[in-house]
Amino acid sequence: MKMLFELFLNFAKIGLFTFGGGYAMLPLIERTCVEDKKWISKEDMVNITVLAESTPGPVAINCATFVGNKQKGVLGAVFATLGMITPSFIIIYAISMFLERFIEIKWVAGAFQGIKIAVGILIIDSAIRLFTKLDKNALTYIITAASFAAMLAFDIFAVKLTSVVLLLVAGAIGYIVFRVKKGRGGAAE
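The paragraphs below set out a description of the structure included in this document. (Residues numbered from 1 in each chain as written. Predicted model: local features only at pLDDT ≥ 70, side-chain atom pairs only at ≥ 80, totals over all residues. Heavy atoms only, no water.)

### Section: a nonpolar patch on the surface
Right, on to step 1. A contiguous nonpolar patch, built from Ile 143, Phe 148, Met 151, Leu 152, Ile 156, Phe 157, Val 159, Leu 161, Val 165, Leu 166, Val 169 and Ile 173 and spanning about 1100 Å² of accessible area, is present on the exposed surface.
Right, on to step 2. Secondary-structure elements contributing two or more residues to the nonpolar patch are α7 (138–156) and α8 (163–183).
Right, on to step 3. When residues in the nonpolar patch are grouped by element, the largest group, five residues, is from α7.
Right, on to step 4. Among the structural elements, Val 165 can be located in helix α8.
Right, on to step 5. Exposure remark for Val 165: the relative accessible area of 34% places this residue in the partly exposed category. (Patch = residues over 30% accessible without salt bridge, like charges linked within 9 Å, V, L, I, M, F, W, Y side chains within 5 Å. Areas by Shrake-Rupley, 256 points an atom, 1.4 Å probe, with all protein chains shown as cover. Salt bridge = Lys/Arg side-chain N within 4 Å of Asp/Glu carboxyl O. Helix = DSSP H or I, 4+ residues; strand = E, 2+ residues; numbered from the N terminus. Buried < 20%, exposed > 50% of the residue type's maximum accessible area, 1.4 Å probe, protein only.)

See below:
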């Protein structure tokens, strides 16, 4: 029971003190789960992040669910997930009761502008951390550059693709790379 409470409390702390969604939460999840609590390894964190990105739902909640499941099975997943979503639910519920008056306060509007910048920095930090953990080879650089160019082009030309299409394309590319490596006798894991 102590571990379940610890999962809930740690993920509630992450959920309470992180703005900007799942990608902004990843560095805090990594620090808590890998460095502080040692619940998972760095390699586990990379794998969990990839899995969390490719399953439906917010990436941070999916990460919490996977970490909780790894620690205490289904019950651990439930407690970690509830810990992650409870602070947001309470805050959003409270704000919704006073929304019109809340947005009109100048310092609140200014705070949200500052939060936007901080969220962008946290997302960039998360991307850099994930990139540094990848194997460094030509294929890694090509895929990273192509992904960045595609994101930039989609933003500039206002191309809207659903996440399902992006996942299918990424999955197809991953499968092709896997088959080519396997055909060359390379590591296929």
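### Observations regarding the layout of surface pockets
Right, on to step 1. Volume-wise, the largest pocket comes out at about 2700 Å³.
Right, on to step 2. Of all the secondary-structure elements, those providing two or more residues to the lining of the largest pocket are α3 (42–53), α6 (106–132), α7 and α8.
Right, on to step 3. Here the lining of the largest pocket is built from residues that sort into 31 nonpolar, eleven polar and six charged.
Right, on to step 4. The volume enclosed by the second largest pocket comes to roughly 490 Å³.
Right, on to step 5. If you go around the second largest pocket, you meet 23 residues; those closest to its centre are Thr 18, Phe 19, Ser 88, Ile 91 and Ile 92.
Right, on to step 6. Mapped onto the lining of the second largest pocket, the elements with two or more residues apiece are α1 (2–17), α2 (22–36), α4 (59–97) and α6. (1 Å grid on protein atoms, 1.4 Å probe; cavity = no way out; pocket = protein on both sides within 12 Å on 5 of 7 lines; lining within 4 Å. Points joined across faces, edges and corners; volume = space filled by probe spheres on them. Nonpolar A, V, L, I, M, F, W, Y, C, P; charged D, E, K, R; others polar.)

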